[in-house]
Amino acid sequence: MGGISEIRHSKHPHLIEIVDSESRINQFLDEQKAFLQDTKVFVVKNEVLIK
C-alpha cells in the first residue's frame, strides 16, 4: 500500500526539502543541473550551535 499523496496541477508551486551536509546538497544540485534548469532553487543554511 502506498503513502498518502495529493494530485496537484503542474503549474502550482511544489516544495522539496533536502536535509544533508552542505557539500552533499551542492553535489546533488550540480549533478541534477540539467533537470533543474527551469526550477527556482533556494538554499537556506540553518545552523544551531549547542554550547
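The structure we're discussing is the one just above.
The shown structure was predicted, so the numbers you read here are calculated from the model rather than taken from an experiment.

## Observations concerning the overall build of the protein chain
Helix and strand content of the protein chain: one helix and zero strands. Counting every position in the protein chain, which comprises 51 residues, the buried fraction comes to 4%. Carbon and sulfur atoms form 55% of the exposed surface of the protein chain, whose accessible area is close to 6000 Å².

## Topic: the environment of Glu22
Relative to the helices and strands, Glu22 resides in helix α1 (residues 22–31). When the C-alpha positions of Glu22 and Lys45 are compared, they lie 8.2 Å apart, and in sequence the two are 23 residues distant.

## Topic: the pattern of salt bridges
Overall, the coordinates contain three salt bridges when judged by the stated rule. Residue Asp20 pairs with Arg24 through a salt bridge whose shortest N-O separation is 3.4 Å. Note that Lys45 and Glu22 form a salt bridge whose closest N and O atoms lie 3.2 Å from each other. Taken together, the positions of Lys45 in the segment after α1 and Glu22 in helix α1 put the pair 23 residues apart, joining distant regions of the chain.

Cut-offs and rules
- Residues numbered from 1 in each chain as written.
- Predicted model: local features only at pLDDT ≥ 70, side-chain atom pairs only at ≥ 80, totals over all residues.
- Heavy atoms only, no water.
- Helix = DSSP H or I, 4+ residues; strand = E, 2+ residues; numbered from the N terminus.
- Buried < 20%, exposed > 50% of the residue type's maximum accessible area, 1.4 Å probe, protein only.
- Areas by Shrake-Rupley, 256 points an atom, 1.4 Å probe, with all protein chains shown as cover.
- Salt bridge = Lys/Arg side-chain N within 4 Å of Asp/Glu carboxyl O.

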